[in-house]
Amino acid sequence: SVPFGLDFGNSTSVIGVARNRGIDVIVNEVSNRSTPSLVAFGNKNRFIGETAKSQEISNIKNTVGSLKRIIGTAFGSAEMEVEKKFANTPLINVDGQVGVKVKYLGEQTEFSATQLVAMYLNKIKSTTMTEVKGNVSDIVIAVPAWYSDVQRRAMADAAVIAGLNPVRIVNDTTAAAVGYGVFKTDLPEDKPKVVAFVDVGHSTYTVSIGSFKKGELKILGTATDKNFGGRDFDYAITEHFANIFNDKYKIDIRTNAKAYSRVLAAAEKLKKVLSANTVAPINIESVMEDVDVSSSMKREELEEYVQPLLNRLHVPIEAALKSAGITAAELDTVEVIGGSSRIPSIKDKLAEIFDKPLSFTLNQDEAIARGAAFICAIHSPTLRVRPFKFEDINLHSVTYKWDAIADEDISELEVFPKNGFFPSTKIITLFRSEDFELEAQYTTLEGLPEGTKSFVGRWAVKGVKPLDNGEPIACKLKLRNDPSGFYTIEEAYTSEEVEFQEPIEDNSETKEGEEKEIQYRTVKKWVKRDDLTLVNTHNGLEESILTSYTEKEAQMTVEDKLVKDTEDRKNALEEYIYEIRAKIEEEYSSFASEAEKERLSTMLMNAEDWLYDAGEDASKAQYIAKTEELQSLGNLIRGRYLSKVEEERQAKLAKHEA
Ligand code: ATP
Ligand code: MG
């Protein structure tokens, strides 16, 4: 299978694949290089990606966006309140996390956000398979650096539900930095090159500081503003026009979801125009109550409305630099990506804060997907890629805890601290006589999305037997902060100190005929005794739920496919009617008797009537049957025509050869 990477964006997602000895960004079914991150529900089927976008306004209540924001988000949290501002579907509680309620197949149906993301990933998978003309399984998904363990686990679960193998969850700016490092040919061997990566997207804003040497990258600092992006600009513009339209036309778009989302879409367009022009119009026909609205906005006005946002731009920059322990002056360059970095006021402000010209050598929209695809290729056993090492930085600290026994004076250890690098492994030793438990928790919840619980994982360690003398045995635990940022225990075993007799080297001269006696000394060595069994509970879905979601997803996919096939068959029937009707008048005309023509024309008329009446909503089999019925006569006539054509061709050939 072809390794691929996904930049799962809040507005659109980009797919990169590793092929042809490089990385390609692929196009979707309508030849776009990015796919709307939307999932929608209808009476017969789901709409995902482009099809969801094209029915968005007409089916606003059953179209779900902000997928990356709601996945793994605590129900009732401040984060959910932010999403409510942008959501048109009711957000509901699914096992303590945000889910949605939509009308699907004519019924109110509830889905968890993990399921919604799985639907989307399944679509991404099929887009990729179509493009690469083969199977895909291994995926690297880029997520915001601020994602909690719950969110990362949920993303990995969603991939599994979609039938994918999430080989790695990677922070998005880290993926971009990897892409930068891999394809940059002039990286230094000695003194590192230090680069700031700035991504201003649709919903989130991230700054990462990367230190590069030839073939390697270390992320020195990352900081984010979780709620800063293009959608906040769109919202500010829309709110402004909501007031204007209230005054000018006496309509309140805030009371009408469809009207509001039309203005929001127009606001986004206007915002983009303002990136290249100093003034832009807004015109919407019959936005609500049959009222046409029109107005305009100047670039300075926009800047004024978003001033509170712009005033926050410096915060993550300063935080990232601080954690990297450098000043802006020490940066070799500032690489800017993300759609919203096209906004002039953002560009200007960034350049001012860094006090440096900005660099745009990366593809703004595709850098993350490319990096993710490359990382997936690194993990592929079959591909050989340019060697590139990279380490990421932890934004949160994790402590492992246990119940202290007897004279143990500590019962917890901050194993993976904030600003520590990962992947990383640490071995700890606990002396135990019987089975015990360990729990990993966030040391503090500061900086995590609101509503995040401290729980990260629990392990029951089984199979512990004391030493022969009854004393507790040393249990070695290999704790790992893995490449996806997950906290695991990779291995657990008991170890005991065993005495060995070791020969002492004797370099003294041996006299003729003298036998030298070998001397031994006693040494103690730690040796592994038994492997211990680990039973892990983590923030991912329980196996049974994962299985049931997977089955449900597969079933919905089959149903969607049936709807699509039925639609295709219906279109094929309709096309056949028009095609044969035209041909019987022209090229087939002399190959059918008047009676046959009469009969065919009646059949076509009946089929057409059926199609627009009883056959409007028929089954796939019925459309096939109807098409075949017409073809029984149509093909007979076509056959005669084709043999005549063939006869003429042969005759021509014979004449030519003669
Ligand atoms: P996120 O990274 O927050 O999850 P995303 O990856 O989908 O979201 P991007 O694709 O980087 O976001 O950027 C999309 C945003 O950029 C949208 O808000 C879009 O309106 C905005 N945008 C794109 N082009 C322009 C432009 N020329 N001027 C202003 N804004 C733009
Ligand atoms: Mg993005």
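Conventions adopted
- Residues numbered from 1 in each chain as written.
- Chains lettered and ligands numbered in written order.
- Predicted model: local features only at pLDDT ≥ 70, side-chain atom pairs only at ≥ 80, totals over all residues.
- Heavy atoms only, no water.
- Helix = DSSP H or I, 4+ residues; strand = E, 2+ residues; numbered from the N terminus.
- Rg over C-alpha atoms; globule rule 2.2 N^0.38 Å.
- Buried < 20%, exposed > 50% of the residue type's maximum accessible area, 1.4 Å probe, protein only.
- Areas by Shrake-Rupley, 256 points an atom, 1.4 Å probe, with all protein chains shown as cover.
- Near = heavy atom within 4 Å.
- Polar contact = N/O pair within 3.5 Å; in protein donor to acceptor, adjacent residues only side chain to side chain.
- Nonpolar A, V, L, I, M, F, W, Y, C, P; charged D, E, K, R; others polar.
- Domains from an automatic or database assignment.
- Pairing = 2+ DSSP bridges.
- Core = buried A, V, L, I, M, F, W, Y, C linked by side-chain atoms within 4.5 Å.

## Points about the overall build of the chain
Looking only at helices and strands, the chain features 16 helices and 29 strands. Relative to a compact globule of 658 residues, whose C-alpha radius of gyration would be 26 Å, the chain shows 33 Å and is clearly more extended. Across its three principal axes, the chain shows a C-alpha extent of roughly 125 × 75 × 55 Å. The 658 residues of the chain split such that 49% are buried. Carbon and sulfur atoms provide 48% of the accessible area of the chain, an area that totals close to 32100 Å².

## With respect to the site of ligand 1
Near ligand 1 you find 19 residues, and of these K68, S203, E268, K271 and S275 are the closest. Within the backbone of T12, one N or O atom sits 3.2 Å away from an oxygen atom of ligand 1. Here T204 contributes a backbone N or O atom positioned 3.1 Å from an oxygen atom of ligand 1. Protein contacts shield 90% of the accessible area of ligand 1, which totals 650 Å² for the unbound molecule. Tallying contributions element by element places helix α8 (residues 257-276) first for the shell around ligand 1, with four residues. Broken down by class, the residue content of the shell around ligand 1 amounts to one nonpolar, 13 polar and five charged. Residues from two domains meet in the shell around ligand 1; each of domain 1 (4-228 + 312-389) and domain 2 (230-310) gives at least three.

## Overview of the pairing of strand β8 (residues 91-94)
Relative to strand β9 (residues 97-104), β8 runs antiparallel, the two being bridged by four bridges. Its bridge partner being in β9, N93 is matched across the sheet by V98. Taking the residues that link successive antiparallel strands as the turn, the β8-β9 hairpin has two residues, and the phi of D95 there is positive, at about 50°.

## Description of the nonpolar core
By size, the foremost hydrophobic cluster in this structure holds 52 residues, and its most contacted members are I209 and L350. Both of domain 1 (4-228 + 312-389) and domain 2 (230-310) provide at least three residues apiece to this core. If you look at the next biggest cluster of nonpolar residues, it comprises 50 residues, including V98, A154, A162 and I169.

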